[in-house]
Amino acid sequence: MKKWTTVGMIALLGVTLAACGGNEAASGGETLKIATDASYAPMESMDKDKIVGFDVDFLDAVMKEAGLSYELTNTGWDPLFADLEKGEKSAYDAAISAISISDDRKKTYDFSIPYFESVNMILTKEGAGVKDALELKDKKVAVQGATTAEELMKGIMGDGNTDLKRFASNAEALLELDKGGVDAVVADFAVVQAYVENNPDKKFDAIFDKTNFAPEYYGIMFPKGSELKAKIDAAVEKVRASAEYKEMYKKWIGVEPDTSDLVN
Ligand code: ARG
């Protein structure tokens, strides 16, 4: 009960972006509540008091396609999982936050069909000479806690390794690299690449390691047993194959998407 109140408070404090998907009748007039952690540009981030990013545009297209109205709230990462874990008692109906579909998460949550292919990537200061993830074993690494990056780096560095530093947001992990507190950050490729591009004065190296980091697929996440999944899946399938998807991908990621591996 106490926990619920805390989550509720965070929701109230969080910035809410109201958007109308239009067809009230199709949704029974209900406005769906969607959670995100808006500190993961270009997927989702705050632009003054607005949440912007690929996921925001994608969600809007999906909700329009499904004829549902919704509002998107910046809850932060851990609260999002803590809330949706409550199943029917969740304050939120779904979350979109560059969330990789994984077998482990599927035990607790339901996911839409995949809508985005990702992979983790290494960010270091220029000239650090790191060539792959295994070389990070004896270095200091910052990650956002409870992400696939944390899982992967735990696997390489060892579970109790105190040189693997976990932060509540990816923005804080990046700040730690800036301050020289760590040698590297591991995060999703789009986020690493955007950070490099947006900070041309700072000089970084961004390293792909497709041997140690496998492809990941983002899904919209639901509380387990959600009745929304079928409707949203149908909409995701349509939007994923649309010209609009290509446009938003180019806008936020900067290149043409390859959606050939996005299978249901
Ligand atoms: N894709 C990674 C995962 O699912 C990282 C996502 C982090 N997203 C965010 N909005 N902070 O673990």
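Check the entry above for the structure.
Residues numbered from 1 in each chain as written. Predicted model: local features only at pLDDT ≥ 70, side-chain atom pairs only at ≥ 80, totals over all residues. Heavy atoms only, no water.

Chemist: What exactly am I supposed to notice about the site of the ligand here?
Modeler: If you check the shell around the ligand, you find 14 residues, and the closest are Asp37, Ala98, Arg105, Thr148 and Asp188. Within the side chain of Asp37, an N or O atom sits 2.8 Å from a nitrogen atom of the ligand. Here Gln144 contributes a side-chain N or O atom positioned 2.9 Å from a nitrogen atom of the ligand. (Near = heavy atom within 4 Å. Polar contact = N/O pair within 3.5 Å; in protein donor to acceptor, adjacent residues only side chain to side chain.)

Chemist: What am I meant to see in the sheet that holds strand 5 (residues 50-52) here?
Modeler: Strand pairing within a sheet occurs via backbone hydrogen bonds; the two strands may be parallel or antiparallel. One open sheet holds the 3 strands; their spatial order is 3-4-5, and the pairing between them is antiparallel. This sheet does not close on itself; its edge strands, each paired only once, are strand 3 (39-40) and strand 5. Two elements, strand 3 and strand 4 (residues 44-47), share 2 bridges in a ladder whose sense is antiparallel. Within strand 4, the position partnered with Tyr40 by the bridge is Glu44. (Pairing = 2+ DSSP bridges. Helix = DSSP H or I, 4+ residues; strand = E, 2+ residues; numbered from the N terminus.)

Chemist: Is there a simple way to think about the nonpolar core in this case?
Modeler: Burial of nonpolar side chains together is a common tendency in soluble globular proteins. Met43, Phe58, Phe116 and Met153 are the most contacted members of the largest nonpolar core, which has 68 residues in total. Leaving out residues up to four positions away in the same chain, Met153 has contacts with Ala133, Leu136, Val141, Val143, Gly158, Leu164, Val186 and Phe213. (Core = buried A, V, L, I, M, F, W, Y, C linked by side-chain atoms within 4.5 Å. Buried < 20%, exposed > 50% of the residue type's maximum accessible area, 1.4 Å probe, protein only. Contact = heavy atoms within 4.5 Å.)

Chemist: Looking at this model, I keep getting lost on the side chain of Thr36. Mind explaining?
Modeler: On the secondary structure map, Thr36 appears in strand 2 (residues 31-36). Not counting residues up to four positions away in its chain, the partners in contact with Thr36 are Glu44, Ile51, Leu72, Thr73, Asn74, Thr75, Gly76, Leu80, Ile96 and Ser97.

Chemist: Any chance you could explain the sheet that holds strand 11 (residues 141-144) here in plain terms?
Modeler: Pairing in this open sheet of 5 strands is mixed, and the strands run 12-11-13-10-14 from one edge to the other. What marks the edges here is a single partner per strand, and that holds for strand 12 (164-167) and strand 14 (204-208). Averaged over all neighbouring strand pairs, the angle between strand axes comes to 30 degrees, with direction disregarded. Here helix 7 (residues 189-198) sits on the sheet and contacts strand 10 (120-125), strand 13 (184-188) and strand 14; the angle it forms with strand 10, its principal contact strand, is near 30 degrees. (Axes fitted to C-alpha atoms, helices over the stretch in contact; angles between N-to-C directions.)

Chemist: Would you explain the packing of aromatic side chains in this entry?
Modeler: Each pair of aromatic rings is reported with the distance of its centres and the angle of its planes. Going through the model one piece at a time under the given rule, you end up with 15 aromatic pairs. For the pair Phe58 and Tyr245, a centre-to-centre distance of 6.0 Å together with 85 degrees between the ring planes defines the contact as edge-to-face. Pair noted here: Phe58 is in helix 2 (residues 54-66) and Tyr245 is in helix 9 (residues 243-253), with a separation of 187 residues, a long-range link. Summarising the burial analysis for this pair, Phe58 and Tyr245 share the class buried. Centre to centre, the rings of Trp77 and Phe81 are 4.8 Å apart; their planes meet at 75 degrees, and the pair counts as edge-to-face. Here Trp77 pairs with Phe81, and both are found in helix 3 (residues 77-84), just 4 residues apart, close to one helical turn. Judged on exposure class, the residue Trp77 and its partner Phe81 are both buried. Through pairs of rings, three or more aromatic residues link up here, namely Phe54, Phe58, Tyr115, Phe116, Phe189, Phe208, Tyr218, Tyr245 and Tyr249. Note that Lys33 overlies the ring of Tyr92, its terminal NZ or CZ placed 4.6 Å from the centroid. When the ring centre of Phe208 is taken as origin, the NZ or CZ atom of Lys210, which lies over that ring, is 4.5 Å away. (Phe/Tyr/Trp six-rings, centres within 6.5 Å; stacked < 30°, edge-to-face > 60°. Lys NZ or Arg CZ within 6 Å of the ring centre and 35° of its normal.)

Chemist: I tried to follow unusual backbone geometry on my own but got confused; where do I start?
Modeler: Cis geometry marks the peptide bond from Ala41 to Pro42; its omega dihedral reads 10 degrees. Position of Pro42 relative to the elements: it lies in the loop between strand 3 and strand 4. Located in the positive-phi region is Lys48, a residue other than glycine, with phi close to 55 degrees.

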